[in-house]
Amino acid sequence: MITILGIESSCDDTSAAIIRDKVILSNVIANQDVHKQYGGVIPELASRAHQQNIIPVVHRALELAGITKDELTAIAFTRGPGLLGSLLVGVSFAKGLAASLGIPMVEVNHLQGHILAHFIDDVGKQLSHPLFPFLCLLVSGGHTQLVIIKDYLDFEIIGQTIDDAAGEAFDKCAKVMGLPYPGGPVIDMLAKEGNPEAFRFAKPKVGGLDYSFSGLKTSFLYFLRDRIVENSHFIEENKADLCASLQHTIISILIDNLVKAVKQTGIKEIAVAGGVSANSGLRDRLISEGNKHGWNVYIPEFRFTTDNAAMIAITGYYKYLQGLVAPLNTVPVTRM
Ligand code: KG4
Ligand code: ZN
């Protein structure tokens, strides 16, 4: 029996989770509301909040799992990518606890964690897992990638954004409309009442399987600026249609390359991961594209879409099985 404590602190969520073999026993997440008033994550404030949250969050994860720290086999932590001051809190805590318990620690790449979240099982319930090799559309606040997963720890990136991530496009466009941070979930909610065909925004022209979202953000900004000159209440009066049209454009950009990637690779096992995979429009579209093209589509449960430590713990589990333990002098890395 292998029991892993996972620790995630790469951005603005402090999370701890316990996974026993592949089964999730707890997954505690402390969100940081302090950033809302600034319309984005303030790194220094994130780091301070992690410091305050880390001990209670780990305590709670152990308590909910019904185990003591002496039952832990290893501690998995996010080494990067992320904000240095945020990562430092999780990495230092993991080192201290692992050393005091005399157990190994395992470093985890946050992005790999998002993808391997697909292999978590629930107590008494096996969830459906993609078969190797599968293609994963990884869409978060910091990354947008198309990845072939050949085995638990064998990944190949075949396409990625050359500028902004999909989540950033949601968040930045939301900010332009005066919506709160993070904008993705707010746009998702407002889009439900709007017409996705109301406005058209140009899709970027990038070669191969790469993505680009910075042009969309700029054209959205200019579009609104011109309309506001004619009608100062334009945003207010068209909020739902703007959200629906913008979301529709982002989803189309994501899906276009995914369809291309399936054609190129011949892989029809399709998974989606990362914070943006919580988007209801994207989830619906993936299901309909899957039906149309004969794909097996794997959509994560909501709790495993945005940042959480269960995904770090499951990745730690597979790395631990391979003997991939981290030395005590491991330091966080902002880019991986
Ligand atoms: O994976 P994640 O929690 O953090 C990173 O690793 O970046 O992703 C956060 C991103 C944010 O940009 C947020 O706006 C977006 O995921 N997001 C959504 C939704 N929920 C979260 N975007 C669109 N629709 C949603 N429902
Ligand atoms: Zn993430």
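As the structure is a computational prediction, the values presented were derived from the model and not from experiment.

## Quick word on the domain arrangement of the protein
Here's step 1: As assigned here, the protein comprises domain 1 (3–126 + 305–321) and domain 2 (134–300).
Here's step 2: Here the C-alpha centroids of domain 1 and domain 2 sit 27 Å apart.
Here's step 3: With 18 residues of domain 1 at the interface, the matching set in domain 2 holds 23 residues.
Here's step 4: Taken together, both faces of the contact between domain 1 and domain 2 bury some 1700 Å²; the carbon and sulfur share is 77%.

## Notes on the sheet that holds strand β10 (residues 296–298)
Here's step 1: Spatially, β8-β7-β6-β9-β10 is the arrangement adopted by the 5 strands of the open sheet, whose pairing is mixed. Single-partner strands in this sheet number two, and they are β8 (154–160) and β10. Taking the axes of each pair of neighbouring strands and ignoring which way they run, one obtains an average angle of 25° across the sheet.
Here's step 2: The pairing of strand β6 (residues 134–139) with strand β9 (residues 269–273) spans 4 bridges and is classified as parallel. By the bridge assignment for β9, Leu138 is matched with Ala273.
Here's step 3: Here helix α7 (residues 234–265) sits on the sheet in contact with β6, β7 (144–151), β8 and β9, set at roughly 160° to β6.

## What about the coordination of the zinc ion (ligand 2)?
Here's step 1: Coordination of the zinc ion (ligand 2) by the protein comes from His110 (NE2), His114 (NE2) and Asp307 (OD), over a distance range of 2.0 to 2.1 Å.
Here's step 2: Sequence spacing among the residues donating to the zinc ion (ligand 2) works out to H-x3-H-x192-D. In this pair, His114 is assigned in helix α3 (residues 110–116) and Asp307 in the loop between β10 and α9 (310–321), connecting sequence segments 193 residues apart. Each member of the pair, His114 as well as Asp307, carries the same accessibility label: buried.

## Focus on the layout of surface pockets
Here's step 1: By volume, the second largest pocket is sized at about 210 Å³.
Here's step 2: Contributions of two or more residues to the lining of the second largest pocket are made by α5 (183–191), α7 and α8 (280–293).
Here's step 3: With 4 residues, the single largest contributor to the lining of the second largest pocket is α7.
Here's step 4: Residue composition of the lining of the second largest pocket, by class: 4 nonpolar, 5 polar and 3 charged.

Cut-offs used in this document
Residues numbered from 1 in each chain as written. Chains lettered and ligands numbered in written order. Predicted model: local features only at pLDDT ≥ 70, side-chain atom pairs only at ≥ 80, totals over all residues. Heavy atoms only, no water. Domains from an automatic or database assignment. Contact = heavy atoms within 4.5 Å. Buried area = accessible area lost by both parts, 1.4 Å probe. Pairing = 2+ DSSP bridges. Helix = DSSP H or I, 4+ residues; strand = E, 2+ residues; numbered from the N terminus. Axes fitted to C-alpha atoms, helices over the stretch in contact; angles between N-to-C directions. Donors = N, O, S within 2.8 Å, 3.2 Å for Na, K, Ca; no water. Buried < 20%, exposed > 50% of the residue type's maximum accessible area, 1.4 Å probe, protein only. 1 Å grid on protein atoms, 1.4 Å probe; cavity = no way out; pocket = protein on both sides within 12 Å on 5 of 7 lines; lining within 4 Å. Points joined across faces, edges and corners; volume = space filled by probe spheres on them. Nonpolar A, V, L, I, M, F, W, Y, C, P; charged D, E, K, R; others polar.

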